[in-house]
Amino acid sequence: MAGMDRMLESIAAREDDLAELTRDLIRFPTVNPPGEAYTPCAEFVGGRLENSGFAVEFIRGEGEPGDTDRYPRTNVVARREGKRAGPCVHFNSHIDVVEAGDGWKVDPFEGVVRDGRVYGRGACDMKGGLAASVVAAEAFIEAFPDYPGAIEISGTVDEESGGFGGVAHLARKGYFSRPRVDHVIIPEPLNKDRVCLGHRGVWWAEIETKGEIAHGSMPFLGDCAVRHMGALLAAFEEKLFPALDRKQTRMPVVPEGARRSTLNLNSVHGGQTDDYTGLPSPNVPDSCRLTIDRRFLLEETISDVKGEVIEILDGLKATRPKFDYAIRDIMEVMPLMTEKDAPVASAVAHGIQAVFDREPDYIISPGTYDQKHIARLGHLYDCVAYGPGILDLAHRPDEWVGIADMVQSAQVMAFALHELLFAGN
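The paragraphs below set out a description of the structure included in this document. Computed from a prediction, not measured in an experiment: that's the story for all the values here.

So, how was this worked out
Residues numbered from 1 in each chain as written. Predicted model: local features only at pLDDT ≥ 70, side-chain atom pairs only at ≥ 80, totals over all residues. Heavy atoms only, no water. Helix = DSSP H or I, 4+ residues; strand = E, 2+ residues; numbered from the N terminus. Buried < 20%, exposed > 50% of the residue type's maximum accessible area, 1.4 Å probe, protein only. Pairing = 2+ DSSP bridges. Axes fitted to C-alpha atoms, helices over the stretch in contact; angles between N-to-C directions. Contact = heavy atoms within 4.5 Å. Salt bridge = Lys/Arg side-chain N within 4 Å of Asp/Glu carboxyl O. Left-handed = near helix turned anticlockwise from the far one by under 90°. Nonpolar A, V, L, I, M, F, W, Y, C, P; charged D, E, K, R; others polar.

## Some remarks on unusual backbone geometry
Line of reasoning, step 1. The step from proline 33 to proline 34 runs through a cis peptide bond, and the omega angle for that step is 15°.
Line of reasoning, step 2. Turning to its location among the elements, proline 34 is positioned in the loop between helix H2 (15–26) and helix H3 (38–51).
Line of reasoning, step 3. Across the junction of aspartate 125 and methionine 126, the peptide omega takes the value -5°, indicating a cis bond.
Line of reasoning, step 4. Within the secondary structure layout, methionine 126 lies in helix H4 (residues 123–143).
Line of reasoning, step 5. Positioned with a positive phi, aspartate 158 is a non-glycine residue whose angle comes to about 65°.
Line of reasoning, step 6. Mapped onto the secondary structure, aspartate 158 falls in the loop between strand E6 (148–156) and helix H5 (167–172).
Line of reasoning, step 7. The exposure class of aspartate 158 is buried, given its relative accessible area of 2%.
Line of reasoning, step 8. In this model, histidine 379 sits at a positive phi of 55°, which is unusual for a non-glycine residue.
Line of reasoning, step 9. You can see histidine 379 is positioned in the loop between helix H9 (371–376) and strand E15 (383–385).

## Section: the environment of proline 40
Line of reasoning, step 1. Structurally, proline 40 is set in helix H3.
Line of reasoning, step 2. Put simply, proline 40 and threonine 30 are ten residues apart on the chain and 9.3 Å apart in space, counted from C-alpha to C-alpha.

## Here's the deal with the sheet that holds strand E5 (residues 117–119)
Whenever strands of a sheet pair, they do so through backbone hydrogen bonds, lying parallel or antiparallel.
Line of reasoning, step 1. Here we have three strands laid out as an open sheet, ordered E4-E5-E16, and antiparallel in their pairing. Every other strand in the sheet has two partners, leaving strand E4 (112–114) and strand E16 (400–402) as the edge strands with one partner each. Ignoring strand direction, the axes of neighbouring strands in this sheet form an average angle of 25°.
Line of reasoning, step 2. Note: E5 against E16, three bridges, orientation antiparallel. In the strand pairing of E16, valine 118 is matched with valine 401.
Line of reasoning, step 3. Across the sheet, H2 touches E4, E5 and E16, and the angle it forms with E5 is around 10°.

## Describing the pattern of salt bridges
Line of reasoning, step 1. Counted under the stated rule, the structure contains 32 salt bridges.
Line of reasoning, step 2. For glutamate 399, the salt bridge identified is with arginine 121, shortest N-O distance 2.6 Å. Placement of glutamate 399 in the loop between E15 and E16 and of arginine 121 in the loop between E5 and H4 is noted, with a sequence separation of 278 residues between them.
Line of reasoning, step 3. The exposure class of glutamate 399 is buried, given its relative accessible area of 1%.
Line of reasoning, step 4. The buried category is assigned to arginine 121, whose relative accessible area is 2%.
Line of reasoning, step 5. By sharing partners, the salt bridges in this structure join Glu20, Arg23, Asp24, Arg27 and Glu110 into a single network.

## So, the packing of helix H6 (residues 225–245) against helix H7 (residues 302–319)
Describing two packed helices takes the angle between their axes plus the distance from one axis to the other.
Line of reasoning, step 1. Taken N-terminus to C-terminus, the directions of H6 and H7 make an angle of 145°; their axes are 10 Å apart at the nearest point. In the packing of H6 onto H7, the handedness of the crossing is right-handed. Mapping the contact onto sequence places Ala231, Leu232, Ala235, Phe236, Lys239, Leu240 and Leu244 in H6 and Glu308, Val309, Ile312, Leu313 and Leu316 in H7.
Line of reasoning, step 2. Residue classes in the contact of H6 with H7 are distributed as ten nonpolar, no polar and two charged.

## Some thoughts on the pairing of strand E7 (residues 183–186)
Line of reasoning, step 1. Neither face of E7 is left uncovered, since the one carrying His183 and Ile185 and the one carrying Val184 and Ile186 both have all their residues buried.
Line of reasoning, step 2. Of the pairings in the sheet, the one linking strand E3 (residues 84–94) to E7 comprises three bridges and is parallel in character. For valine 89, the partnering residue across the bridge sits in E7 and is histidine 183.

These figures capture arrangement, not role.
Here it is in structure tokens:
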């Protein structure tokens, strides 16, 4: 175990480098939307890995949502071959971040270091995780230069808006499928001593209630689509929300409140748009649109999830005069849960045991992340999320990641990398 000890000590000695790399990444304002600074950030990551002996590719998500010449969806994939045949372990991190918003006490894109923390938008979600995976791989290569197999590290885009220009695009091209890749670790901020096995399912849809336009002073001559939407929302309150609260799961979802089915009413738009100046005109709205975000469990089927909503809509159409509707799917993703004894989950768990001297917690994320594309498009299921950072800090003002947490997470990643590559070798 001398080589393993040297590797873990080497990672601890790279603490300053790890913090500085995280700061460098934060300074690229990769805000999504619209997709700022993707290319320079990807090039920076690629340059760092090229200096460590990786072959680097840049793959643009051409034709994907949001991709333009002004905002190209630039992904970086780096691969370093070992000395002999063996499996490939891939670390995937997204480089995009959400907008900074208000309420910050520090510059969100400066990478301020204070009290053992690196502050900035994307510090925990997930540029700290990307930095930790890079340092973990570099320390592993230094300690075990004759390793078998291959190591890949990617920096992908658009995870915050669904991942279609990033991991989904690459998965369709075979970058997340066997025989190229065998195991995937996604360093999302889900706490340094927990293994995330997957996520709940999601169905996004837009429901439109229809009406008939008329003069607002004589609403009885028209048919108000907003009132029809009000009836739908009342039916949701009476029937759907209580039914969802009763659904429980064996999935270890965190936090506790997400260990059931949920529905978020994401937005409602009715009547005239607000993209005008001056005063509104008096019209009865003939359309009202609701966007719903339904999260569901392994115990549910997508047909049942949709059926619950359709049943309420059809019930209103049968009983409420003039009620009519249209419904449009926006996105659907099935629930995922990697087994605890799968190779990558076991390797990360053993790393946590080695670094923290305790058994890991196994969790499921309440929301989806890029594992969904690796499974549904790459058909690769040996994948977990593991990384530094506290999920509750993501997307908030004064987001931060602990430097010591990054060091320890990098040690866990390097341990898992060793176990996966040397299995059977």
